[in-house]
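So the chains spell out like this:
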Amino acid sequence: MARKKSQDGFPTAAPFLPERLTLPSLQRAAAGCRGCDLWKNATQTVFGEGPSKALVMFVGEQPGDYEDRQGHPFVGPAGQLLDEVLVEVGIDRSEVYVTNVVKHFKWEAAQRGKRRIHKKPRHSEIEACRPWLDAELTVVQPQVLVCLGASAAQGLLGKDFRVTRDRGKLIPSDLAPQVMATAHPSSILRAPDAQQREQQRAEFVRDLKKVADLLSKKNVSRAA
Ligand code: SF4
């Protein structure tokens, strides 16, 4: 299917959205998305996963090499670190929905070998993919939205957002009742040495503890 563009000529996933928004219908429709060019070099669409009424939604940048091959979000080393820290801070994985601002893996070939190297998505690609995330937010209606890393944070909270400056703070936003940003777990794994990795992991734990505290408050639990 040829790529469709919005009326103003920019690439967008909008024409591929189903009429009825449910997680299964979105997942099926997203599998055939050609809203921008990123599908061409990826194995498959990697849509968000989790309960349809999850209390918290984590949004990363894009699927990585593992996720692209397996078709599920946050199943590689970064996902394992996220899972580990969720357990550590006491967030129940069954209350968590995980997704990305971009649903296809963007990569370039390593100069030597066959490795596929992650390539940061362009702002236009994040914007093109945004209808999927908006639909996920509409269906799931999380009480807490957590942006993981700069691409997600700047894509959702504005280009001027700085994770280094504003991580762990509650950000006023109409995307969810409580919105926060923190580092992406893959950046912790890329830390240059063990000491910095430990420090960054501790900061990540500190931020996710705040999310756990928010979830434990009555005002973010689902009405019975
Ligand atoms: S990255 Fe998003 S908009 Fe682009 S083709 Fe994939 S699902 Fe569609």
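Rules and cut-offs
- Residues numbered from 1 in each chain as written.
- Predicted model: local features only at pLDDT ≥ 70, side-chain atom pairs only at ≥ 80, totals over all residues.
- Helix = DSSP H or I, 4+ residues; strand = E, 2+ residues; numbered from the N terminus.
- Rg over C-alpha atoms; globule rule 2.2 N^0.38 Å.
- Buried ≥ 20, exposed ≤ 12 C-beta atoms within 10 Å, placed from the backbone.
- Contact = placed C-beta atoms within 7 Å.
- Pairing = 2+ DSSP bridges.
- Axes fitted to C-alpha atoms, helices over the stretch in contact; angles between N-to-C directions.
- Near = placed C-beta within 6 Å.
- Nonpolar A, V, L, I, M, F, W, Y, C, P; charged D, E, K, R; others polar.
- Expected span 1.5 Å × (residues − 1).
- Parallel < 35°, antiparallel > 145°, perpendicular 65-115°, else oblique.
- Left-handed = near helix turned anticlockwise from the far one by under 90°.

J.: Give a description of the overall build of the protein chain that names residues and reports values.
T.: Scanning the protein chain from N- to C-terminus turns up eight helices and six strands. Each helix and strand of the protein chain, ordered N terminal to C terminal, gives the series α-β-α-α-β-β-β-α-β-α-α-β-α-α. Expected size for 224 residues packed as a compact globule is a radius of gyration near 17 Å; at 17 Å, the protein chain falls within 12% of this value. Viewed in the frame of its principal axes, the protein chain has a C-alpha envelope of about 50 × 45 × 30 Å. Split into buried and exposed, the 224 residues of the protein chain put 40% on the buried side. Long-range pairs, those at least 24 residues apart, make up 70% of the contacts in the protein chain between residues at least 6 apart in sequence.

J.: For the sheet that holds strand 1 (residues 56-60), give the residues involved together with the corresponding values.
T.: To summarise the sheet geometry, strands pair through backbone hydrogen bonds and adopt either a parallel or an antiparallel arrangement. Here four strands make up an open sheet; going across it, the order is 2-1-5-6 and the pairing parallel. For this open sheet the edge positions go to strand 2 (96-100) and strand 6 (178-182), each flanked by a neighbour on one side alone. Strand-to-strand twist across the sheet, computed as the mean angle between neighbouring axes with direction ignored, equals 20 degrees. Bridge count between strand 5 (residues 144-148) and strand 6: five bridges; the pairing is parallel. Looking at strand 6, one finds that L148 is bridged to T182. Along the sheet, helix 8 (residues 194-216) contacts strand 1, strand 5 and strand 6; its crossing angle with strand 6, the most-contacted strand, is approximately 170 degrees.

J.: Go over unusual backbone geometry with me, naming the residues and quoting the values.
T.: Unusually for a residue other than glycine, F74 sits at a positive phi of about 55 degrees. Considering the arrangement of structural elements, one finds F74 in the loop between helix 2 (65-70) and helix 3 (77-89). The phi dihedral of Q141 falls on the positive side, at around 50 degrees, and the residue is not glycine. Mapped onto the elements of the fold, Q141 is located in the loop between helix 4 (123-140) and strand 5.

J.: Explain the site of the ligand to me, and be specific about the residues and the numbers.
T.: Near the ligand there are 15 residues, and of these C33, G35, C36, H104 and C129 occur at the shortest range. No other element matches the three residues that helix 4 contributes to the shell around the ligand. When grouped by side-chain class, the residues that make up the shell around the ligand number ten nonpolar, three polar and two charged.

J.: Could you give an account of helix 8, naming the residues involved and the relevant values?
T.: End to end, helix 8 covers 32 Å across 23 residues, agreeing with the expected 33 Å (1.5 Å per residue, within 8%). All of the buried residues in helix 8 are F204, D207, L208, V211, L214 and L215. Turning to helix 8, the residues buried within the fold contact strand 1, helix 3, strand 5, strand 6 and helix 7 (185-189).

J.: Describe in detail the pairing of strand 6, supporting the description with residues and values.
T.: Within strand 6, five of the five residues are buried, which leaves it mostly tucked inside the rest of the structure. Going residue by residue along strand 6, you find Q178, M180 and T182 tucked away on one face and V179 and A181 tucked away on the opposite face as well.

J.: I'd like a description of the environment of L133, backed by residues and values.
T.: Along the chain, L133 turns up in helix 4. Residue class for L133 comes out buried when judged on the 23 C-beta atoms lying within 10 Å of it. As a C-alpha pair, L133 and M57 span 76 residues in sequence and 11 Å in three-dimensional space.

J.: Report on the packing of helix 3 against helix 8, specifying residues and quantitative values.
T.: Remark: helix 3 packs on helix 8, axes separated minimally by 9 Å, with the N-to-C direction vectors making an angle of 55 degrees. Viewed along their axes, helix 3 and helix 8 adopt a mutual orientation that is oblique. The handedness of the crossing between helix 3 and helix 8 is right-handed. Taking contact as the criterion, the partners of V85, L86, E88 and V89 in helix 3 are, on helix 8, F204, V205, L208, K209 and A212. Here the contact of helix 3 with helix 8 is composed, by residue class, of seven nonpolar, no polar and two charged.

J.: Any chance you could break down the pairing of strand 1 for me, citing the residues and the numbers?
T.: In terms of burial, strand 1 is largely enclosed, as five of its five residues are buried. Residues V56, F58 and G60 line one face of strand 1 and the alternating positions M57 and V59 line the opposite face, and both faces are buried. The pairing of strand 1 with strand 2 spans five bridges and is classified as parallel. By the bridge assignment, V56 is partnered in strand 2 with V96. Summarising the sheet, strand 1 and strand 5 pair through four bridges and their orientation is parallel. Opposite F58, over in strand 5, you have V146 as the bridge partner.

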